[in-house]
Amino acid sequence: MKRRPLQLFFILLFLLMAAEKGNAQLIYQPYSFQFYQKLNKGVYGSATNMHTAIKPYFIADSSTIRPLYDSLTTTLGNGKSRNWVQRILFDEHLVNVKNKDYTFYLDFLPDFQLGREFNDKQTTWLNTRGYQVGITIGSKFFIYTSGYENQTKLPNYERDYTQRTGMIAGQADSKINFSSSKTDWSYVTALIGYSPTKALTISLGHDKTFIGDGYRSVLLSDFAAANPMLRVTADLGKKVRYMAMWSYMQDRNAPEFNSFYNNRRKWGAFHYVDWTVNNKASLGFFNALIAEEANDQGQGHGFDLNYINPILFASGLRPSGTTPDHTLIGFNGKYKVLEKTTVYGQLIFDQVKSAGSNKSKNAWQLGFRGSDLFKVNRLNYLVEYNTATPNTYSTNYPLTSYTQLGESLAHPLGSDYREWLSIVNYSLNKFDFQGQINYARYGVNNVGVRSAATMKFAEGKVAYLLNPKYNLRLEVSGLIRQEKGGLADNKTTMITFGLRSSFRNLYHDF
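Residues numbered from 1 in each chain as written. Predicted model: local features only at pLDDT ≥ 70, side-chain atom pairs only at ≥ 80, totals over all residues. Heavy atoms only, no water.

**Student:** Provide a residue-level description of the pattern of salt bridges, including the pertinent values.
**Tutor:** Scanning the model with the defined rule gives 18 salt bridges in all. The residue D160 makes a salt bridge to R159 at a minimum N-O spacing of 3.5 Å. On the accessibility criterion, R159 (18% relative accessible area) is buried. Its salt-bridge partner being D416, residue R450 comes within 3.0 Å of it at the nearest N-O pair. You can see R450 sitting in strand 25 (residues 449-467) and its partner D416 sitting in the loop between strand 22 (407-408) and strand 23 (417-428), a full 34 residues away along the chain. Within this structure, D111, R473, E475, R500 and R504 form a network of salt bridges that share partners. (Salt bridge = Lys/Arg side-chain N within 4 Å of Asp/Glu carboxyl O. Buried < 20%, exposed > 50% of the residue type's maximum accessible area, 1.4 Å probe, protein only. Helix = DSSP H or I, 4+ residues; strand = E, 2+ residues; numbered from the N terminus.)

As C-alpha cells, then:
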C-alpha cells in the first residue's frame, strides 16, 4: 500500500483529537452507483433542489436525503433479539461506538468470488480482504479510510487490459503473472474532512471524485485510480455550490528521473460551480488544468496562478519557459421533466489542439434516469449516450494528458468513441436485481493504422443483502461481452458467485 496517504491520515487524525465537539454528525458516504441510485427518489425528486453532481456526498443530519439514507443502511428486523455474532453479521458494524462527542465504526470487508469463464474454459476467482473505518468528532469533523489486499485470476478481457496498461482497472498497479493470468495488488483510501459551517466543507486525503448525474462522466469520473487531493466545497447562498480541488497525480509512461519517486508526477486543478435554478433545473460550469511537475530535462514547472485562479484558466498566467498546460472547460446540466424522471447531460471542450489539426476536440453526454418505473416502488432506471471526438483529453506532450497512472480521468474508453448503455435496478426486501446493457463503437490502433471496433456488453446480477451497514451480500452474476474490430475478435461468457461487501465502484464494462 502507498505510505504517503497513510502517514497523512494518521497525522491529521492526531491533530483532530483536540477538536471542537458537538452533537450532530457529518457522514461521508463512499461513491457507488449501485448504492447511490437507490437514493434517486430523494436526490432527484421534484420537491428538492439539492446539488446532485459532486460525488461522494457528505450527508449531514439536516440533509433532505438523511431519512432515506438511514432507511437503506438499517435492517428491517429487530437486532436486539439476536446474539452478538448474529448482530455483527446482519445488523451492525464489527465495532461501533457512539456517544455525544464522537462516533467510531470498523468493518472487515470481504470480497470472495468464484467464477467460470466458458470461452477459455478457465476458473476465475477473487480473494479480497479489506477494512473500513469511519469516525466523526462532534458536528464538524469526519474521517474515513478503507484498504484492500487482493489476489485474483482475471477473465480474458480484463487480463488483456492489465497486460496492456499495467493497471487493475481503476485501482492500482498490477503484479501480473503473464503465464497464469494471476495478479495481486493493494490500495488504500483515506479522507479527513472539516466543516466549520453548514456552507463550507474542506477535505484532504487520497480518494476519487465524480462530477455528473449519469453513470459515466465526460468531465471527471471515478474510473482512474485514487490520488492525493485537497477539495473545498462552499455553498454561496441557497442556490450556488462551488468546488475547487487540487490533485497530485502520476504518469506511468513518461521518462523517469532519479530525483523522483518511480513515476513522473503532474498536478491537476479542478473547479466546478453548480447553480440550482429551481427545483426542476440546474446548470454547472467545469474547468480543469493538468500541468507537469517538471519537464523532460528535470526543470520544475514553477508556480502557476491558474492553480489558485477560482474562475477560468488563462494561458497568459502560466510561468514562461514551461511546457503548455492542458486546459479543458465543460458544462453539466439536468432538468426534472416529470416527478420521478430527470434528463441530464454534459459537454466538454479540450482547449489544446492536436498537432497539424484545427478540429475541435470535445465530448458530450445525454441521458435520463428515474425511479418507480411503471409505478413499481424501488424500480430505478437509467438510459445514457456518451461520445467523444478523436484525441480529446490528449496532448502532444503525453505527461499532461487527462489521465492518472495512464487511465482516463473521464470515460474508460478515452476518446474516439460512441456508447449507448442502459441500467435497471429493482430492490425487493433484501433482494436486489440489476441488469445492464452496453454497446460501444470506438477507434483502435493496429500496426499504425486506425480502425473501428465494437463492444457489446450485458450483465445481470442477483444479490441478497446480509448487512446494510457495509453492504455485505451474497451475489450471483452472469456476464456476456464481445469485442470485434481491428485484430480483435474476443468473446467472454462467464458466471460468478460471491460473498461481497463495501461501497465502491469497480468497473468491468470496458
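**Student:** I'd like to hear about the layout of surface pockets, residue by residue, with values.
**Tutor:** Its volume calculated, the largest pocket comes out at about 1400 Å³. Of all the elements in the fold, those that place two or more residues in the lining of the largest pocket are helix 6 (156-165), strand 22, strand 24 (431-446), strand 25, strand 26 (472-485) and strand 27 (488-500). (1 Å grid on protein atoms, 1.4 Å probe; cavity = no way out; pocket = protein on both sides within 12 Å on 5 of 7 lines; lining within 4 Å. Points joined across faces, edges and corners; volume = space filled by probe spheres on them.)

**Student:** Tell me about the side chain of D372, residues and numbers included.
**Tutor:** Tracing the backbone shows D372 in the loop between strand 19 (361-370) and strand 20 (379-388). In this structure the side chain of D372 is engaged in a polar contact, spanning 2.6 Å, whose partner is the side chain of K340. Not counting chain neighbours up to four residues away, the residues in contact with D372 comprise K41, K340, N377, R378, L379 and N380. (Polar contact = N/O pair within 3.5 Å; in protein donor to acceptor, adjacent residues only side chain to side chain. Contact = heavy atoms within 4.5 Å.)

**Student:** Give me the pairing of strand 1 (residues 26-29): which residues, what numbers.
**Tutor:** Across the two faces of strand 1 the burial is the same, with L26 and Y28 and I27 and Q29 all buried. Of the pairings in the sheet, the one linking strand 1 to strand 3 (residues 57-60) comprises 4 bridges and is antiparallel in character. Within the sheet, the bridge partner assigned to Q29 lies in strand 3 and is Y57. (Pairing = 2+ DSSP bridges.)

**Student:** So what's going on with the pairing of strand 19? Which residues, and what values?
**Tutor:** Counting buried positions along strand 19 gives 7 out of 10 residues, so the element sits mostly inside the fold. The pairing of strand 18 (residues 341-350) with strand 19 spans 10 bridges and is antiparallel. Paired with L347 across the strands is W364, a residue of strand 19. Direction of pairing for strand 19 relative to strand 20: antiparallel, over a ladder of 8 bridges.

**Student:** Give me the lowdown on unusual backbone geometry, citing residues and values where you can.
**Tutor:** Leaving glycine aside, a negative phi is the common case for residues, and trans is the common case for peptide bonds. Note the cis peptide between K55 and P56, where omega equals 10 degrees. As for its placement among the helices and strands, P56 is situated in the loop between strand 2 (54-55) and strand 3. Even without a glycine there, the phi angle at Y393 is positive, about 80 degrees. Turning to its location among the elements, Y393 is positioned in the loop between strand 20 and strand 21 (403-404). Even without being glycine, L405 reaches a positive phi, approximately 55 degrees. With respect to the helices and strands, the residue L405 is situated in the loop between strand 21 and strand 22. For L405, a relative accessible area of 6% gives the class buried.

**Student:** Go over a nonpolar patch on the surface, please, and point to the residues and values.
**Tutor:** A surface patch of nonpolar side chains, amounting to about 760 Å² of accessible area, comprises W84, V85, L89, L94, V95, V97, Y102, F108 and F112. When residues of the nonpolar patch are traced back to their parent elements, those giving at least two are helix 5 (84-90), strand 4 (95-98) and strand 5 (102-117). Note on placement: F108 falls in strand 5. (Patch = residues over 30% accessible without salt bridge, like charges linked within 9 Å, V, L, I, M, F, W, Y side chains within 5 Å. Areas by Shrake-Rupley, 256 points an atom, 1.4 Å probe, with all protein chains shown as cover.)

**Student:** How would you sum up helix 6? Please name residues and give values.
**Tutor:** Among all positions in helix 6, only N156, Y157, E158, R159, Y161 and T162 are buried. Downstream of helix 6 by a residue or two, G166 has a phi angle that is positive, lying close to 75 degrees.

**Student:** Account for the packing of aromatic side chains, naming residues and giving values.
**Tutor:** The full count for this structure, using the stated rule, is 29 aromatic pairs. Pairing Y426 with F433 gives two aromatic rings, centres 6.4 Å apart and planes at 20 degrees, and the pair type is stacked. Accessibility expressed as a relative area gives 25% for Y426, which makes it partly exposed. Judged by its relative accessible area of 33%, F433 falls in the partly exposed class. (Phe/Tyr/Trp six-rings, centres within 6.5 Å; stacked < 30°, edge-to-face > 60°.)

**Student:** Give me the lowdown on empty space enclosed by the protein, citing residues and values where you can.
**Tutor:** Across all of its chains, the model carries 8 cavities of 30 Å³ or more by this definition. When its volume is computed, the largest cavity comes out at roughly 910 Å³. Together, 50 residues line the largest cavity, and Q113, K461, R500, L506 and H508 are the ones closest to its centre. Across the lining of the largest cavity, the residue classes break down as 20 nonpolar, 19 polar and 11 charged. Computed from the structure, the second largest cavity encloses a volume of approximately 330 Å³. Of all elements in the fold, only strand 7 (141-153) and strand 10 (182-197) reach the threshold of two or more residues within the lining of the second largest cavity. No other element matches strand 7, which puts 3 residues into the lining of the second largest cavity. For the lining of the second largest cavity, the per-class residue count stands at 13 nonpolar, 8 polar and 4 charged. (Nonpolar A, V, L, I, M, F, W, Y, C, P; charged D, E, K, R; others polar.)

**Student:** I'd love a proper account of the environment of P56, names of residues and values included.
**Tutor:** A relative accessible area of 5% means that P56 is categorised as buried. Along the chain, P56 and F210 lie 154 residues apart, while their C-alpha atoms are 7.0 Å from each other. When near neighbours in sequence (up to four residues on either side) are disregarded, P56 contacts Y28, Q29, P30, Y31, Y36, D207, K208 and R231.

These results come straight from atomic positions and should not be treated as a statement about function.
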